[in-house]
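The lines below spell out each chain.
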Amino acid sequence: MSLVRSKKKSDKSDTIQSFTMDGYPVRGWVIRLNTTYRSIISQRPYPNLLRQLMAESLVTSVVVSEMCVEPGTLMMEYTGTEGIDLLSVRCTQENEIRALIQTSKVIQSKTHLKSSLSEGLLTVTYHPRSKGESYINDIPIMDYSMLSSMTHFLENSERMPSQFKLAITPHSVVGLCLQYVPTFEYENSVDYEHVLCRAGAMKEEHLLQYNNATLLCKLFPEETICFDQTKKLCFKCDCSCQKMQDAMLDMGNANIAKILSDKEKIEITCDYCNKQYEFDRIDVQQLFKIGQRGGWSNIIH
Ligand SMILES: [Zn+2]
């Protein structure tokens, strides 16, 4: 009795697990984001529509990163001018994720969301660990949704028809992705369509209610599911004092001097994790001396 109960228990982990189905030209992934999702959305007061956009962006980024054969880092970036200035998701080969959405207007309605996603550019870049050539893809925005956009991209650009199903709560996101993998044995996609049809009929709350094994067992009771090892995901920002110092050096001593003309110190807050960094005049003087971007002592006294 207790075994059945534990099997049905929802899974509060931060994980991605891939699977295949015996006899079907299909592979899939179940992704669960709990603490990671909460950590990311707690950095800013995101309205519900942006939380949904963030959830879609996180799930699709992590799954597409898993689809890549060579380990590396995936970046999804949307830049716009009509409300959403920047949407950025980064997933590293260690499955460390950071993400943010920066807005210049309040996004409270679907109309606002549509207009803010209508003019911008969505790009997915993959940097392989081998330091070889990065893969950069410009992706058309479909239906003002990251799920639709990434589904369209995978099918039309990558020839990897895929379908996502998502369940989002205020505290967690669970996603299921199914992908058609043609083989010599199964050349047509009829079996894939059958699998999609079954997944399409699934209620979203089942994604939240059941763990991976129970979920797929309920979805495909007749089929044999082969799971790969579960991989852990986590929220992690790699900001550092060194990176903030590099950013100040890039700004140039004239700009930094201007800020320090009416302040005792420079305060920089990381946009991804809200960690704060402070640099006083001596720190800055030393930085520009070491950084050899000269002339600091002539400006600040
Ligand atoms: Zn940070």
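Since this is a predicted model, take the numbers as computed values, not measurements.

### Concerning the pairing of strand β3 (residues 72-79)
One ladder, built from 8 bridges, connects β3 with strand β6 (residues 121-128); its direction is antiparallel. Residue pairing across strands places Thr 79 opposite Leu 121, the latter belonging to β6. Strand direction decides the pairing type here: β3 and strand β4 (residues 84-91), joined by 6 bridges, are antiparallel. By the bridge assignment for β4, Leu 74 is matched with Cys 91. The loop that links β3 with its antiparallel partner β4 comprises 4 residues; one of these, Gly 83, has a positive phi angle of about 135°.

### Details of the sheet that holds β4
Either a parallel or an antiparallel arrangement is found when strands of a sheet pair, and the pairing is made through backbone hydrogen bonds. Read from one edge of the open sheet, 6 strands run β7-β6-β3-β4-β5-β12, paired in mixed fashion. A single partner strand is all that each edge strand has here, and the edge strands are β7 (135-139) and β12 (234-235).

### Examining the environment of Cys 177
With respect to the secondary-structure elements, Cys 177 resides in strand β9 (residues 173-180). Residue classification places Cys 177 among the buried positions, given that 28 C-beta atoms sit within 10 Å. Between the C-alpha atom of Cys 177 and that of Leu 249, which follows or precedes it by 72 residues, the distance is 43 Å. The contact partners of Cys 177, leaving out residues within four places of it in the chain, are Gly 28, Trp 29, Val 63, Ser 162 and Phe 164.

### A few points about the domain arrangement of the chain
Taken as a whole, the chain is organised into domain 1 (10-235) and domain 2 (241-296). A C-alpha centroid distance of 37 Å is found between domain 1 and domain 2. Counting from both sides, the interface comprises 4 residues of domain 1 and, opposite them, 4 residues of domain 2. A per-class count over the side of domain 1 that touches domain 2 returns 1 nonpolar, 2 polar and 1 charged.

### Considering unusual backbone geometry
The backbone of Asn 95 sits at a positive phi, close to 65°, despite the residue not being glycine. With respect to the element layout, Asn 95 can be found in the loop between β4 and β5 (96-103). Residue Asn 274 is not a glycine yet carries a positive backbone phi of 65°. Assessed through the 12 C-beta atoms surrounding it within 10 Å, Asn 274 is described here as exposed.

### Some remarks on the nonpolar core
Core analysis: the largest hydrophobic core is formed by 56 residues, its most contacted members being Ile 31, Met 54, Leu 58, Val 59, Val 62 and Val 173. It is helix α3 (residues 48-67) that contributes the most residues to this core, 9 residues altogether. Setting aside its immediate chain neighbours within four residues, Leu 58 contacts Leu 33, Tyr 37, Val 89, Ile 97, Ala 99 and Val 173. Core analysis: the second largest hydrophobic core is formed by 6 residues, Met 248, Ile 256, Phe 279 and Phe 288 among them.

### Looking at the confidence of the model for the chain
Mean pLDDT for the chain: 88, with 90% of residues reaching 70 or above. Across residues 1-7, confidence stays below pLDDT 50; counting only partners more than four residues off in sequence or on other chains, it has 2 contacts. For residues 294-301, every residue scores under 50 in pLDDT, and the model assigns this stretch 12 contacts once sequence neighbours within four places are set aside.

### Comments concerning the packing of α3 against helix α5 (residues 146-156)
Packing of α3 against α5 brings their axes to within 8 Å, and their N-to-C directions diverge by 25°. The orientation of α3 with respect to α5, classified from their angle, is roughly parallel. Here α3 contributes Leu 53, Glu 56, Ser 57, Thr 60 and Val 64 to the contact with α5, which in turn contributes Met 146, Leu 147 and Met 150. Partitioning the contact of α3 with α5 into residue classes produces 5 nonpolar, 2 polar and 1 charged.

### A word on helix α9 (residues 241-251)
Listed as buried for α9 are Met 244, Gln 245 and Met 248. In an axial view of α9, the angular spread of the buried residues amounts to 100°, which keeps them on one side of the axis. Those residues of α9 that are exposed and angled more than 90 degrees off the buried face are Gln 242, Ala 247 and Asp 250. Gly 252 sits one or two residues past α9 and shows a positive phi near 90°.

About the thresholds
- Residues numbered from 1 in each chain as written.
- Predicted model: local features only at pLDDT ≥ 70, side-chain atom pairs only at ≥ 80, totals over all residues.
- Pairing = 2+ DSSP bridges.
- Helix = DSSP H or I, 4+ residues; strand = E, 2+ residues; numbered from the N terminus.
- Buried ≥ 20, exposed ≤ 12 C-beta atoms within 10 Å, placed from the backbone.
- Contact = placed C-beta atoms within 7 Å.
- Domains from an automatic or database assignment.
- Nonpolar A, V, L, I, M, F, W, Y, C, P; charged D, E, K, R; others polar.
- Core = buried A, V, L, I, M, F, W, Y, C linked by C-beta atoms within 7 Å.
- pLDDT = per-residue confidence, 0-100.
- Axes fitted to C-alpha atoms, helices over the stretch in contact; angles between N-to-C directions.
- Parallel < 35°, antiparallel > 145°, perpendicular 65-115°, else oblique.
- Arc of directions from axis to C-beta.

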